[in-house]
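Understanding the architecture of this molecule
One letter stands for each residue in the lines below.
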Amino acid sequence: MTIWEMLAVFAAGVGAGTINTIVGSGTLITFPVLLATGLPPVTATVSNALGLIPGSISGAIGYRKELTGQRRRILRLGAAAATGGLCGAVLLLALPATAFETIVPVLVGLALVLVILQPRITKAVQRRRERNGTHTDADGGPLLITGLVLASVYGGYFTAAQGIIYVALMGMLLTDTLQRLNATKNVLAAVVNTIAATFFLFAAEFDWTAVALIAVGSTLGGQLGAKIGRRLPPTALRALIVAVGTVAIVQLLLR
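Because the structure is a prediction, the values reported are computed rather than measured. (Residues numbered from 1 in each chain as written. Predicted model: local features only at pLDDT ≥ 70, side-chain atom pairs only at ≥ 80, totals over all residues. Heavy atoms only, no water.)

1. As for the overall build of the protein chain
- Check the secondary structure of the protein chain and you find 12 helices and 0 strands.
- In sequence order, the protein chain lays out its α and β elements as α-α-α-α-α-α-α-α-α-α-α-α.
- Sorting the 255 residues of the protein chain into buried and exposed places 52% on the buried side.
- Considering only contacts within the protein chain whose residues lie at least 6 apart along the sequence, 84% involve residues at least 24 apart.
- Surface summary for the protein chain: the accessible area is close to 11400 Å², and the carbon and sulfur share equals 69%. (Helix = DSSP H or I, 4+ residues; strand = E, 2+ residues; numbered from the N terminus. Buried < 20%, exposed > 50% of the residue type's maximum accessible area, 1.4 Å probe, protein only. Contact = heavy atoms within 4.5 Å. Areas by Shrake-Rupley, 256 points an atom, 1.4 Å probe, with all protein chains shown as cover.)

This is the structure:
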């Protein structure tokens, strides 16, 4: 890489770390930049996955206050995310590049609809449970586990907008604040990135310069994103999720 390309990759890493911590979809910043430096798509994908791990961890640390009391939930959901992430990593190397990405815009679009409707859906579910005398499952039940496994398969394959899908699923099926769910999302993203990158270490080729630049940049971005995201009210955070997700769909369709 030239010095200007290295600066561009570093800046993309900062941006990705920031937006991943607040919303998700940071890969849509780093991936095009890596391709512009001349990296093959698969090399760019696996290098990006490894480089974003420190950023995901940094963002989770920044949200440590909101993670208080979620240990049992995170262990359960983290196991589901790890399983799906590994499957997605295997698919990335086993399937043609266009096979999975065809449905990505649809998945992101559905997630945005769920995020928008989440308050109404949650209230409707709560009213129904009250009428039936049942209570909310603290961990979302089998439906959430299944949804997270499938979302993590996608996350291990491409990672873009997986955070939006996580927030949408948890927002519908868990009774908790959006900020606490966002904190959980950061941990799940870190789990998926780590599992996928570990698999790639033994089965794919990395560009270590890109990995290092994204790692340092995303670590800084993770702390920045946590400071910004924790101050946003639920309505503003939901609006930002929808805005970023819409941009993500446009980018994916134009690729």
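So much for the structure itself; the text now carries on.
2. A word on the nonpolar core
- With 48 residues, the main nonpolar core has Leu-144, Tyr-166, Met-170 and Phe-200 as its most contacted residues.
- Of all the secondary-structure elements, those providing two or more residues to this core are helix H1 (3-22), helix H2 (27-36), helix H3 (41-51), helix H5 (71-94), helix H8 (141-157), helix H9 (162-173), helix H10 (178-203) and helix H11 (208-229).
- Among the elements that take part in this core, H9 stands out by supplying 7 residues, more than any other.
- Counting residues in hydrophobic clusters, the runner-up holds 7 residues, among them Ala-60, Leu-67, Val-187 and Ala-226. (Core = buried A, V, L, I, M, F, W, Y, C linked by side-chain atoms within 4.5 Å.)

3. Observations concerning the side chain of Thr-27
- The topology assignment puts Thr-27 in helix H2.
- With a relative accessible area of 2%, Thr-27 lands in the buried category.
- Only 3.1 Å separates the side chain of Thr-27 from the side chain of Asn-48, close enough to count as a polar contact. (Polar contact = N/O pair within 3.5 Å; in protein donor to acceptor, adjacent residues only side chain to side chain.)

4. A word on the environment of Leu-93
- Mapped onto the elements of the fold, Leu-93 is located in helix H5.
- On the basis of relative accessible area, Leu-93 is assigned to the partly exposed category, the value being 34%.
- A C-alpha to C-alpha distance of 9.9 Å links Leu-93 and Val-46, two positions 47 residues apart in sequence.
- Ignoring sequence-local partners within four residues, the contact set of Leu-93 consists of Val-42, Phe-199, Phe-200, Ala-203 and Ala-204.

5. Focus: the environment of Ala-89
- Tracing the chain through its elements places Ala-89 in helix H5.
- Classification of Ala-89 as buried rests on a relative accessible area of 0%.
- Put simply, Ala-89 and Ala-197 are 108 residues apart on the chain and 8.0 Å apart in space, counted from C-alpha to C-alpha.
- The contact partners of Ala-89, leaving out residues within four places of it in the chain, are Gly-156, Tyr-157, Ala-196, Phe-199 and Phe-200.

6. Quick look at empty space enclosed by the protein
- One pass over the full model with this rule turns up 1 cavity of 30 Å³ or more.
- Roughly 150 Å³ of internal volume is contained in the largest cavity.
- Taken together, 17 residues line the largest cavity, and the ones lying closest to its centre are Asn-20, Ser-56, Gln-162, Ala-189 and Asn-193.
- For the lining of the largest cavity, the elements supplying multiple residues, two or more each, are H1, helix H4 (53-62), H9 and H10.
- The element best represented in the lining of the largest cavity is H10, accounting for 4 residues.
- Within the lining of the largest cavity, the residues separate by chemical class into 3 nonpolar, 13 polar and 1 charged. (1 Å grid on protein atoms, 1.4 Å probe; cavity = no way out; pocket = protein on both sides within 12 Å on 5 of 7 lines; lining within 4 Å. Points joined across faces, edges and corners; volume = space filled by probe spheres on them. Nonpolar A, V, L, I, M, F, W, Y, C, P; charged D, E, K, R; others polar.)

7. Some words on a nonpolar patch on the surface
- A cluster of nonpolar side chains, Ile-3, Trp-4 and Leu-7, forms an exposed patch at the surface whose accessible area comes to about 390 Å².
- Relative to the assigned elements, Trp-4 resides in helix H1. (Patch = residues over 30% accessible without salt bridge, like charges linked within 9 Å, V, L, I, M, F, W, Y side chains within 5 Å. Salt bridge = Lys/Arg side-chain N within 4 Å of Asp/Glu carboxyl O.)

8. Structural notes on H3
- Burial runs high along H3: 9 of the 11 residues are buried.
- Residues of H3 that are buried: Thr-43, Ala-44, Thr-45, Val-46, Ser-47, Asn-48, Ala-49, Leu-50 and Gly-51.
- If you follow the buried residues of H3, they end up packed against H2, H4, H5, H8, H10 and H11.

9. Remarks on the environment of Gln-162
- You can see Gln-162 is positioned in helix H9.
- Separated by 10 residues in the primary sequence, Gln-162 and Ser-152 have C-alpha atoms spaced 7.2 Å apart.
- Leave out the neighbours within four places in its chain, and Gln-162 touches Tyr-154, Gly-155, Ala-189, Val-192 and Asn-193.

10. Thoughts on the packing of H8 against H9
- It is at 10 Å that the axes of H8 and H9 come closest, and there the two elements cross at 175 degrees. Accordingly, the angle class assigned to the pair H8 and H9 is roughly antiparallel. Contacts from Leu-143, Leu-144, Gly-147, Leu-148, Ala-151, Ser-152, Tyr-154 and Gly-155 in H8 reach Gln-162, Ile-165, Tyr-166, Leu-169, Met-170 and Leu-173 in H9.
- Partitioned by chemical class, the residues of the contact of H8 with H9 number 10 nonpolar, 4 polar and no charged. (Axes fitted to C-alpha atoms, helices over the stretch in contact; angles between N-to-C directions. Parallel < 35°, antiparallel > 145°, perpendicular 65-115°, else oblique.)

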